[in-house]
Amino acid sequence: MDGAAVGLRVLLGLGLVSLLTLQAMPAAWGLATTGRPRAREKRQAVDTTPDGVLVKSLKVNCKVTSRFAHYIITSQVVNGANEAREVAFDVEIPKTAFISDFAITADGNTFIGDIKDKASAWKQYRKAAISGENAGLVRTSGRNMEQFTIHITVGAQSKATFQLTYEEVLKRRLTQYDIVIKVKPKQLVQHFEIDVDIFEPQGISKLDAQASFLSKELAAQTIKKSFSGKKGHVLFRPTVSQQQQPCPTCSTSWLNGDFKVTYDVNRDKLCDLLVANNYFAHFFAPKNLTNMSKNLVFVIDISGSMEGQKVKQTKEALLKILGDVKPGDSFDLVLFGSRVQSWKGSLVPATQANLQAAQDFVRRFSLAGATNLNGGLLRGIEILNKAQGSHPELSSPASILIMLTDGEPTEGETDRSQILKNVRNAIRGRFPLYNLGFGHDLDFNFLEVMSMENSGWAQRIYEDHDATQQLQGFYNQVANPLLTDVELQYPQDSVLSLTQHRHKQYYDGSEIVVAGRIADHKLSTFKADVRARGERQEFKATCLVDEEEMKKLLRERGHMLENHVERLWAYLTIQELLAKRMKMEGEERANLSSQALKMSLDYQFVTPLTSMTIRGLTDEDGLEPTIDKTPEDSQPLEMVGPRRTFVLSATQPSPTARSSVVSKLPNQVTGVDTDPHFIIYVPQKEDSLCFNINEEPGVILSLVQDPDTGFSVNGQLIGSKASRPGQHEATYFGRLGISNPPSDFQLEVTPRNITLNPSSGGPVFSWRDQATLQKDGVLVTINKKRNLVVSVEDGATFEIVLHRTWKGSAAHQDFLGFYVLDSSRMSARTRGLLGQFFCPLDFEVSDIRPGSDPMKLDATMAVKNRQLAVTRGLQRDYSKDPRHGTEVSCWFIHNNGAGLIDGVHTDYIVPDIF
């Protein structure tokens with residue numbers, strides 16, 4: 001880690017790192033006050049409210065669902081001064097993560113990022129590009145990081161709220177997933193919080209949390225951790241007084257160090273196959289396998305450029321690695337400078353004598369000349385190929401080739417494309433090649449492509465004091481192969497899209513993840529067959545979908561599970577398309593770029609092919625800020641010039657940000673739509689009940705009312721003029737109001753606008769926008785021209801569907817539908833036309849008979865100690881197709897639901913939308 005970094009750093013799965021700094025004073029969490037010398041700022045002491053600017057809150061919320069991590073980082077700063085101040089929001093995220101949303105709320109306006117293809121976004125900042133300046137907010141920082149920074153000017157006596165969302169799939173390495181947070185605020189924060197929520201269908205086997213800066217006693221007081229079954233939770237919420245310990249009179253925070261959460265999942269079942277809404281994720285990490293013996297060849301660059309610390313650290317790492325080579329393994333060493341030399345020229349067994357002799361060879365070798373990279377690799381490949389040819393297939397050890405270089409080929413074959421071809425033709429898919437690039441004076445993209453073409457990966461080794469540990473850390477990941485030639489197979493007619501499902505080797509402590517889409521109506525035939533080769537035996541397994549378990553998981557995690565499985569597939573697919581794109585040229589590369597771009601826009605990820613612009617903010621040159629992925633070879637942060645400060649426009653822009661959430665509904669729905677037809681799904685009976693409410697336009701009806709929390713949903717009716725005199729005037733919901741008093745949250749929705757907190761002049765969105773908003777535990781997702789999803793933390797999830805009138809439609813004006821996605825955590829005392837049915841309902845149907853309409857059946861229903869006459873009929877669920885809908889069969893209760901609903905329907909008329 002970069003020891004000079006300031007802020008809060010989050011590491012997920014050994015690869016997901018985020019550093020957050022809300023600056024409220026120079027050189028720390030600092031306010032950059034205009035006109036004050038920087039050098040002087042850096043020497044000043046930290047204050048809790050520098051220049052009248054207070055960091056009111058800093059919250060990191062991480063929700064992990066089946067390895068898919070969704071992060072929302074929110075900070076609020078208050079400018080209590082009598083003049084405008086400049087503040088900065090800094091976040092460092094890993095290069096492998098995708099930003100999916102960003103918003104700033106300041107001076108009463110909300111400014112939201114808009115993701116578009118990079119070519120379109122470039123037009124907005126081409127002036128800066130031409131002049132050599134940079135309006136971008138993301139720059140390379142440290143080893144694996146991108147630093148996101150934005151400076152804005154906040155008005156006097158005003159506040160600003162920053163919210164950034166990004167996502168990544170966690171990788172399991174060395175038997176666990178890690179979440180490491182480097183905490184260094186340097187000042188007191190009124191509301192400081194790190195909240196990690198984990199849901200793993202396999203069940204959590206271990207979970208721990210600790211902080212290097214906490215004593216055992218204080219850790220016990222401030223870190224709350226728990227796990228049971230599928231759920232784990234860690235909460236770190238130190239009070240201001242706890243942040244001051246052990247110096248109660250200090251104005252600075254002692255929070256300084258690593259906050260680390262580690263967890264793993266149960267591996268009792270060989271199969272871990274997760275399916276939600278026709279998307280699947282297959283996690284493969286079997287336990288109790290025997291370590292395979294391995295054939296290991298190290299190919300080491302000994303050219304003159306390795307002189308000094310690099311060769312010293314390389315030798316130290318090789319000596320340690322050779323000490324860890326296991327009995328039963330075989331190995332050799334190849335060195336390349338101007339010429340190529342090998343230690344033995346063939347594999348030798350890892351006896352104590354051979355290992356000692358190899359270590360002596362490592363201590364003695366010296367540097368020599370240029371870089372014959374092609375010759376060194378081909379010699380190493382030849383040694384492994386010769387050894388593989390002498391073993392029967394089942395008894396063949398796992399072969400691994402590891403190459404370390406610090407430069408570019410300068411001797412022998414130097415044409416990169418020819419070297420790639422030579423290596424590819426020599427290996428022919430027999431074993432993986434891992435390339436380690438030492439330092440920055442090399443073509444890392446060349447090493448990456450070479451490794452990817454040969455079933456391995458490339459890793460940069462940074463020139464630093466811990467380079468030896470970096471080399472050892474890489475080796476530890478591949479030191480214990482358990483399986484080779486792993487293939488996860490799925491029925492071809494059942495799968496529409498599939499991520500990488502063939503892996504040359506599987507290593508102890510890691511995990512193989514495959515995701516894909518299942519064709520419609522193919523779930524019943526969907527399965528996974530795993531074929532591989534282990535230590536002297538074949539490995540075979542078949543995994544089937546446990547549909548009942550999937551239904552149970554959906555009830556437990558609901559909308560989030562469906563969303564995360566699909567986005568996990570999208571994330572992996574985009575990453576693989578981008579990787580394949582690196583290896584291609586011409587039309588093939590263009591096709592891969594087109595596919596990756598389409599998915600990046602569909603799922604609203606900032607990838608190398610997209611950019612996010614923020615409308616309504618401009619700098620002194622009139623440039624809007626842009627958010628991009630930084631290229632691998634981009635310049636270090638300190639070399640790209642000064643930051644730019646952005647000023648919020650006086651008028652609020654029309655937000656156009658895309659959502660990071662794609663809403664889905666279960667097959668069985670509870671909701672109300674059209675004239676208004678109420679559909680109540682009763683899971684205990686696996687059947688649905690329906691009723692209508694006939695009231696006048698303008699009437700407001702209570703749909704959901706939770707007396708324990710005050711949460712409510714009300715809907716106002718609008719009319720559609722009758723086509724003939726005397727005909728009933730159809731009514732529809734034209735306005736919905738959602739209120740959550742504990743968080744001062746209100747949302748008003750009409751077919752025209754979506755308004756957050758209308759009573760206090762909150763931001764207004766249109767249905768042409770796509771955005772994600774969050775306010776104190778309530779998440780609102782607007783999906784452009786389609787629907788809106790509201791998720792209440794520890795409460796419920798609802799969907800609002802937009803209906804546009806079209807030629808031939810029954811309605812004469814646009815209207816809304818309202819659906820319940822998840823109500824499992826609502827109070828048992830919840831009332832309302834829909835809310836009263838969130839609790840279990842029992843009914844019995846008898847005396848089924850032909851009705852007055854020969855196409856429908858009548859029956860008698862016993863419900864709530866009443867006997868009701870009911871009719872079997874059809875209603876429509878418009879949640880997936882707002883224009884045509886899908887049919888839902890139900891028992892219809894007449895007369896405004898009389899006898900089914902508590903009381904009479906007029907009891908549910910309320911005076912106001914909130």
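Now for a look at the structure at hand.

Conventions we followed
- Counting restarts for each chain, with residues numbered from 1 along the sequence as it is written.
- A pLDDT threshold of at least 70 governs which residues receive local features in this predicted model, and a stricter bar of 80 or more applies before side-chain atom pairs are shown or counted, although totals over entire chains, interfaces and linings include all residues.
- Calculation of side-chain values draws on the structure's entire complement of heavy atoms; hydrogens and water are dropped beforehand.
- By definition, any uninterrupted DSSP run of H or I lasting at least four residues is a helix, any uninterrupted run of E lasting at least two residues is a strand, and each is numbered from the N terminus.
- Relative accessibility under 20% of the residue-type maximum defines a buried residue, over 50% an exposed one, and the middle range a partly exposed one, all with a 1.4 Å probe and only protein chains included.
- By definition, residues are in contact when any of their heavy atoms lie within 4.5 Å.
- Note that accessible areas follow from Shrake-Rupley with a 1.4 Å probe, and for residues the cover is restricted to the protein chains shown.
- Only the stretch in contact is used when a helix axis is fitted, and all axes are lines through C-alpha atoms; the angle between N-to-C directions ranges over 0 to 180 degrees.
- For this classification, under 35 degrees means roughly parallel, over 145 means roughly antiparallel, 65 to 115 means roughly perpendicular, and everything else is oblique.
- The criterion for a disulfide is a pair of cysteine sulfur atoms lying within 2.5 Å.
- Salt bridges are defined as contacts in which a side-chain nitrogen from Lys or Arg sits within 4 Å of a carboxyl oxygen from Asp or Glu.
- Note: two strands are recorded as paired if DSSP finds a minimum of 2 bridges between them.
- Using a 1 Å grid laid over the protein atoms alone, points where a 1.4 Å probe fits but cannot get out form a cavity; open sets with protein on both sides within 12 Å along at least 5 of 7 lines form a pocket; any residue with an atom within 4 Å of a point counts as lining.
- Grid points are joined across faces, edges and corners, and a volume is the space filled by probe spheres set on the points.
- Gly is put with the polar residues, along with every residue not named as nonpolar or charged; the nonpolar set is Ala, Val, Leu, Ile, Met, Phe, Trp, Tyr, Cys and Pro, and the charged set is Asp, Glu, Lys and Arg.

Moving on to the overall build of the protein chain. Within the protein chain, the secondary structure is distributed over 14 helices and 54 strands. Out of the 914 residues belonging to the protein chain, those deemed buried represent 58%. The contacts of the protein chain with a sequence gap of at least 6 include a subset with a gap of at least 24, amounting to 68%. Of the roughly 37,500 Å² of accessible surface on the protein chain, a fraction of 48% belongs to carbon and sulfur atoms.

Moving on, we get to the side chain of Ser 688. Relative to the assigned elements, Ser 688 resides in strand β38 (residues 687–692). Once residues lying within four places of it in the same chain are set aside, the contact partners of Ser 688 are Ile 679, Ile 680, Tyr 681, Arg 872, Val 888, Ser 889, Cys 890 and Trp 891.

So, about the packing of helix α5 (residues 309–324) against helix α6 (residues 352–364). For the pair α5 and α6, interaxial distance at closest approach is 10 Å and the crossing angle is 180°. Judged by the inter-axis angle, α5 sits roughly antiparallel to α6. Mapping the contact onto sequence places Lys 315, Leu 318, Leu 319, Leu 322 and Gly 323 in α5 and Leu 355, Ala 358, Gln 359, Val 362, Arg 363 and Arg 364 in α6.

A few words on the state of the cysteines. Following the criterion strictly, the structure yields 2 disulfides and no others. The disulfide that involves Cys 271 links it to Cys 543, with 2.1 Å between the sulfurs. Every disulfide takes its handedness from the sign of the S-S torsion; for Cys 271 and Cys 543 that torsion is -80°, giving left-handed. Placement of the pair is Cys 271 in the loop between β16 (257–265) and β17 (273–276) and Cys 543 in strand β31 (residues 537–544), with a sequence separation of 272 residues. Look at Cys 271 and you get partly exposed, because its relative accessible area is 26%. Covalent S-S linkage joins Cys 690 and Cys 890, the inter-sulfur distance amounting to 2.1 Å. Taking the sign of the S-S torsion, about -120° here, the bridge from Cys 690 to Cys 890 comes out left-handed.

Evaluated as defined, the whole model comprises 41 salt bridges. The salt bridge partner of Arg 567 is Glu 167, with a shortest N-O separation of 2.8 Å. Of this pair, Arg 567 sits in helix α12 (residues 559–583) while Glu 167 sits in strand β10 (residues 158–169), and the two are 400 residues apart along the sequence. One exposure class covers both Arg 567 and Glu 167, and it is buried. The closest approach of N and O atoms between Asp 902 and Lys 864, which form a salt bridge, is 2.8 Å. In this pair, Asp 902 sits in the loop between α14 (894–897) and β54 (909–910) while Lys 864 sits in the loop between β51 (857–863) and β52 (866–877), placing the two residues 38 residues apart along the sequence. When salt bridges with common partners are traced through the structure, they connect Arg 67, Arg 172, Glu 200, Asp 264, Arg 267, Asp 272 and Glu 511 into a single cluster.

Further remarks concern the pairing of strand β45 (residues 771–775). In terms of strand pairing, β45 meets strand β46 (residues 778–783) through 5 bridges, oriented antiparallel. Counterpart to Thr 772 in the pairing with β46 is Thr 781. Hairpin connection from β45 to β46: 2 residues lie between these consecutive antiparallel strands, with Asp 776 at a positive phi of about 45°.

This paragraph deals with empty space enclosed by the protein. The tally for this structure, following the rule as stated, stands at 4 cavities of 30 Å³ or more. Roughly 110 Å³ of internal volume is contained in the largest cavity. Forming the walls of the largest cavity are 14 residues, and the residues nearest its centre are Phe 298, Leu 318, Ile 321, Leu 436 and Leu 471. The set of elements that each furnish at least two residues to the lining of the largest cavity consists of β19 (294–301), α5, β23 (398–405) and α10 (467–478). Looking at which element gives the most residues to the lining of the largest cavity, the answer is α5, with 4 residues. Partitioning the lining of the largest cavity into residue classes produces 13 nonpolar, 1 polar and no charged.

What follows concerns the environment of Lys 320. Relative to the helices and strands, Lys 320 resides in helix α5. By relative accessible area, Lys 320 is classed as partly exposed at 39%. Considering only alpha carbons, one finds Lys 320 and Leu 471, 151 residues apart in sequence, at a separation of 9.8 Å.

Further remarks concern the sheet that holds strand β29 (residues 512–518). Taken in spatial order, the 4 strands make up an open sheet running β17-β18-β29-β27, and their pairing is antiparallel. Looking along the sheet, the strands with just one partner apiece sit at the ends: β17 and β27 (495–498). When the angles between neighbouring strand axes are averaged without regard to direction, this sheet yields 25°.

Across the sheet, which stays open at both edges, the 4 strands sit in the order β28-β26-β30-β31 with antiparallel pairing between neighbours. Of all strands in the sheet, those with a lone pairing partner are β28 (502–507) and β31, marking the two edges. Ignoring which end each strand starts from, the neighbouring axes of this sheet average 25° apart. Judged from the 4 bridges that link them, strand β26 (residues 481–489) and strand β30 (residues 527–534) form a sheet pairing that is antiparallel.

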